[in-house]
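Structure at a glance
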Amino acid sequence: MRKPIYVTMPSLAPLEEVNELMKSIWESGIMTHNGPLVQRFEKEVCEYLGVPKMVSCCNGTLALQMAIKALGKTGEIITSPFTFIATISSIMWEHCTPVFVDIDPETLNIDPKKIEEKITCHTVAIMPVHVFGNACEIDDIDEIAKRHGISVIYDAAHAMGVHYKGRCIMEYGDMSCTSFHATKMLNTAEGGGVFTLNDELDAKLRRIRFFGFENHADIVEDGFNGKMTEVHAAVGIANLRYLDKALADRKTKYARYKEILGQNSDIRFQKITSDCNFSYFPAIFKDENTVLKVIEALNAVNVFPRRYFFPSVNTFSKLVPYVPMPVSEDIAKRVLCLPLHIRMTMEDVEMIAGATLDVL
Ligand code: T4K
């Protein structure tokens, strides 16, 4: 039996490069509390992306929570039902209420045309998700937010390396939050980051991340422990050197999948309107039964695709009152992410695409 092929695997720098950085931690004994490697990771990510600042933290969920907390308001936050549960749980942990707006069936991102009808006097922010690294319609969203005097926090967990109108996507909105989880384009094993162009917000995020302390003296915010450790930063610094390679690899393999699967007009692909990092390969089938058959056929050859994102988050009735989101619920039943990562060969891509076509 061939080795299992999972939906994703981390892109990892050679171990010697990580060890070299680990040695410096062992020598200094500094393991956490905004140490030299965390500062270096933040600086190098910013240089790579061409952005001024990033506040790193211990995971992408906490990055979202820190951003919401930094707004200093509670109320309704408009978001997408086609996302990972963390988008919603971060809103609820910050004592806000998620209000869903359905997605565009082509881009799979929040439909900007449907946002305005959900804005009320309780709305404090919009939290769109760049789903699978596909840039949202940022101009439309930002214009709506400005007109209504509400904030925008982008869930950019999937969007490392994406641009919008010539600028890094992390520069948009009041804040953009990313994830450095093992399954993401750039990983620190676990990790996250918040980007903002607003110096006051940046300073506030740093205080929130460190229990609410100002200069290790007075507590001036309702903070928590959101710090990234030196060990995680070391992994990130080494992996960052290989990010270009990882992005290029995904793009080539994505194109090959699309070339083969595009032969069958029953399979649809996510529409890219501006830019995408091709971090996932979502294929949309004609019905749920086909998805289940494809999973069964691929599992039989030791291949493990994933139903990102199923079910649609608005249907988690233990967490949120059910409000129908017909487009998201329909797509969630029919979408399947096929394996896409740097450890796969092009032959793996061709084999998986072929085995998928055989089912249809
Ligand atoms: N917003 C959005 C839109 C998100 O998608 C996410 C997270 C967040 C916010 C929150 O960010 P974080 O707080 O997680 O930083 C994964 C990830 O745990 C999660 O980060 C991610 N999104 C979500 C979409 O997927 P699973 O349930 O797929 O993990 P798991 O363990 O099944 O891993 C999938 C495959 O990856 C495995 O089959 C093998 C491979 N793998 C996984 C791990 C953990 C490895 O090769 N090595 C590993 O260490 O959740």
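Refer to the structure above for everything that follows.
Quick caveat, the model's predicted, so the values are computed rather than measured. (Residues numbered from 1 in each chain as written. Predicted model: local features only at pLDDT ≥ 70, side-chain atom pairs only at ≥ 80, totals over all residues. Heavy atoms only, no water.)

A contiguous nonpolar surface patch, about 330 Å² in accessible area, is contributed by Phe84, Ile85, Phe316 and Leu319. Note that Ile85 resides in helix 4 (residues 85-93). (Patch = residues over 30% accessible without salt bridge, like charges linked within 9 Å, V, L, I, M, F, W, Y side chains within 5 Å. Areas by Shrake-Rupley, 256 points an atom, 1.4 Å probe, with all protein chains shown as cover. Salt bridge = Lys/Arg side-chain N within 4 Å of Asp/Glu carboxyl O. Helix = DSSP H or I, 4+ residues; strand = E, 2+ residues; numbered from the N terminus.)

In spatial order, the strands read 2-10-9-6-5-3-4; together these seven strands make up an open sheet with mixed pairing. With one partner strand each, in any of the chains shown, strand 2 (55-57) and strand 4 (97-100) form the two edges of the open sheet. Neighbouring strand axes in the sheet, compared pairwise and without regard to direction, differ in orientation by 25 degrees on average. Relative to strand 10 (residues 192-195), strand 2 runs antiparallel, the two sharing three bridges. In the strand pairing of strand 10, Val55 is matched with Val194. Sitting on the sheet, helix 6 (residues 199-209) touches strand 2, strand 9 (175-179) and strand 10, and the angle it makes with strand 2 is about 25 degrees. (Pairing = 2+ DSSP bridges. Axes fitted to C-alpha atoms, helices over the stretch in contact; angles between N-to-C directions. Contact = heavy atoms within 4.5 Å.)

One pass over the structure, following the stated rule, counts 16 aromatic pairs. For the pair Phe41 and Phe180, a centre-to-centre distance of 5.2 Å together with 75 degrees between the ring planes defines the contact as edge-to-face. Taken together, the residues span a long stretch of sequence, with Phe41 in helix 2 (residues 36-49) and Phe180 in the loop between strand 9 and strand 10 at a distance of 139 residues. For the pair Phe41 and Phe180, one class covers both residues: buried. (Phe/Tyr/Trp six-rings, centres within 6.5 Å; stacked < 30°, edge-to-face > 60°. Buried < 20%, exposed > 50% of the residue type's maximum accessible area, 1.4 Å probe, protein only.)

Here we take up the site of the ligand. Not every one of the 25 residues close to the ligand is listed here, only the nearest: Thr61, Asp155, His158, Arg306 and Tyr308. Between the ligand and the protein, one listed contact pairs a nitrogen atom with a side-chain N or O atom of Asp155 at 2.7 Å. His158 places a side-chain nitrogen or oxygen 2.7 Å from an oxygen atom of the ligand. About the coverage of the ligand: the protein hides 76% of its 910 Å² of free accessible area. (Near = heavy atom within 4 Å. Polar contact = N/O pair within 3.5 Å; in protein donor to acceptor, adjacent residues only side chain to side chain.)

Our next topic: helix 7 (residues 230-240). Residue pairs spaced three or four apart in an α-helix point in one direction, given the helix's 3.6 residues per turn. Summarising burial for helix 7: nine of the 11 residues are buried, a large majority. Among all positions of helix 7, only Glu230, Ala233, Ala234, Val235, Gly236, Ile237, Ala238, Asn239 and Leu240 are buried. The backbone nitrogen of Val231 lies 3.3 Å from a side-chain oxygen of the residue at the head of helix 7, namely Thr229.

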